[in-house]
Amino acid sequence: MNEESRYEAVCSRDGRFDGEFFFAVATTGIYCRPSCPAVTPKRKNVRFYPTAAAAQGSGFRACRRCRPDAVPGSAEWNARADVVGRAMRLIGDGVVDREGVAGLAARLGYSARQVQRQLNAELGAGPVALARAQRAHTARVLLRTTQLQSAEIAFAAGFASVRQFNDTIRTIYAGTPSELRAARQGRAARDGGPGGVPLRLAYRGPYASTELFDYLGRRAIAGIEELTGEPGGRTYRRTLRLPHGTGIAEIRERTGEGGWLECRLHLSELRDLTTATQRVRRLFDLDADPYAVAERLGADPLLNALVERRPGLRAPGAADEHELAVRAVLGQQVSVAAGQKLGNALVAAYGEQLPAPSGGLTHVFPQTGELAEAPLADLRMPDSRRVALRTISAALADGTVRLDPGADRDQAEEDLLSLRGIGPWTAGYIRMRALGDPDVLPTGDAAVRAGLERIGASTADAGGWRPWRTYATHHLWNAKSTSSISSSIKERNDDR
């Protein structure tokens, strides 16, 4: 897009571009999302920015009407594999708050100066400014949804001091923390304890929640996940292992119009709010651009009918990359149900118990360091897979294989394939879900092969589906009945 096409999107209040760019109005000093319902400003007064942090850095404050800091993230950061895309994923996970710019640069394999220069050149803001914008949004959520004292909120959001917190809130929102709290429009306040922190997690475009909740429900491991309620109003609950403690996430299924999923986070440490939120967003693929996906995949006459049948189909990610990798190994060459059974046994034997059970949730997933040393004799599986499970656990624990949000996807797949017992299907599945790569087509998967045959497509045709082949994979999987998917997965390639 150029500036004229961006202005056309603003004039038409096109919500498809919320989070993809922001616009600011020189005469008011306010920046907005493209779909802001306010009167459209004159073109000469409008400035465009790739990030909210860039608009804030230019002296603009957030619009109180459209809340531009609450939009979905840009799908570009999921699709891009370069240093800027990797940096944005790491910043979203809270790495700058926990490890500073030096820690971010070390994870990316660049100097801090190089990272600063590249982010400033492309996004108009450096890592500190991007993290600051994220901290401000977290603080606003806590101010509007809890009764915590300002000092508690400041440190929970990642600010170094109460003064820094107050200054940032005044700069970005043109008001004091007390004024933001008073403006919560009568919403019932809850704290981060028994009631949890309520959130509305925004997404763009249509959202096929039924298929995503079905997918997670079929694979739910007892003790760390559960799916309750009836279709259309189900709640998915799971435990989280976070940097400063543990948590429980509750996400409500939503059908029809809405633009967000209702989420509630119960955290042992509120400092983990930003990280927990981002991990839930990745699990539910909330930053996807379904318009771009449908435009590319729907243009193929062989795939068009599947795309039209399930608008807004998402590609589930992972709430914990290490957990997903271990579960992928457990699921090698067996059905979904058999892999789920192995996961149940693993959690029961080696999972860490929660201080207090919550419904069916009793554990967090075992740590890879423990699994690397565990005998695993009580798990009924071939010795070859037991070796693979220990091998990948050790590689994740000692950093030989990196699967964090900023990992180089090509390097991670290469490192996975070098491990004993890890084959192309497993490495591809981990790349698809743990690393959130939107362009993976596991051609060795029997269900994918069957789907390709059903629509008369070949792997050569699939080349035209780039960079959204992961979504094509889910369309092919969903083209079959649940029972057919489960049985066909037994035929996966030999991953030894």
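These numbers were taken from a predicted model, which means no experiment stands behind them.

K.L.:
Help me out: how do you make sense of the sheet that holds strand E2 (residues 30–32) in this one?
P.N.:
Each strand in a sheet pairs with another by means of backbone hydrogen bonds, the pair being arranged parallel or else antiparallel. Ordered by their spatial adjacency, 4 strands build an open sheet running E3-E1-E2-E4, and the pairing between neighbours is mixed. Unpaired on one side and paired on the other, strand E3 (46–49) and strand E4 (61–62) mark the two borders of the sheet. Of the strand pairs in this sheet, E2 and E4 are connected by 2 bridges, and their pairing is parallel. Bridged to isoleucine 30 within E4 is arginine 61. Contacts from helix H1 (residues 3–11) reach strand E1 (22–25) and E3 within the one sheet, and its direction differs from that of E3 by about 105°.

K.L.:
Where do I start with the pattern of salt bridges in this structure?
P.N.:
Two side chains carrying opposite charge are able to pair once their charged atoms lie near each other. Here the structure, examined in full by the defined rule, presents 37 salt bridges. For the salt bridge of arginine 279 with aspartate 93, the shortest nitrogen-to-oxygen distance reads 3.2 Å. In this pair, arginine 279 sits in helix H12 (residues 273–283) while aspartate 93 sits in the loop between helix H4 (83–92) and helix H5 (95–108), placing the two residues 186 residues apart along the sequence. Here arginine 279 falls in the buried class, since its relative accessible area comes to 11%. Where arginine 107 meets glutamate 99, a salt bridge forms, and the shortest distance between an N and an O atom there is 2.7 Å. Given the relative accessible area of 24%, arginine 107 is considered partly exposed. Residue class for glutamate 99 comes out partly exposed when judged on its relative accessible area of 35%. One salt-bridge network, held together by shared partners, links Asp93, Arg98, Arg279, Arg282 and Glu321.

K.L.:
I tried to follow H12 on my own but got confused; where do I start?
P.N.:
Working note: α-helix, 3.6 residues per turn, so residues spaced by three or four point in the same direction. By the criterion of burial, H12 is predominantly enclosed, with 9 of the 11 residues buried. Of the positions making up H12, those classed as buried are Leu273, Thr274, Thr275, Ala276, Thr277, Arg279, Val280, Arg281 and Leu283.

Basis of the calculations
Residues numbered from 1 in each chain as written. Predicted model: local features only at pLDDT ≥ 70, side-chain atom pairs only at ≥ 80, totals over all residues. Heavy atoms only, no water. Pairing = 2+ DSSP bridges. Helix = DSSP H or I, 4+ residues; strand = E, 2+ residues; numbered from the N terminus. Contact = heavy atoms within 4.5 Å. Axes fitted to C-alpha atoms, helices over the stretch in contact; angles between N-to-C directions. Salt bridge = Lys/Arg side-chain N within 4 Å of Asp/Glu carboxyl O. Buried < 20%, exposed > 50% of the residue type's maximum accessible area, 1.4 Å probe, protein only.

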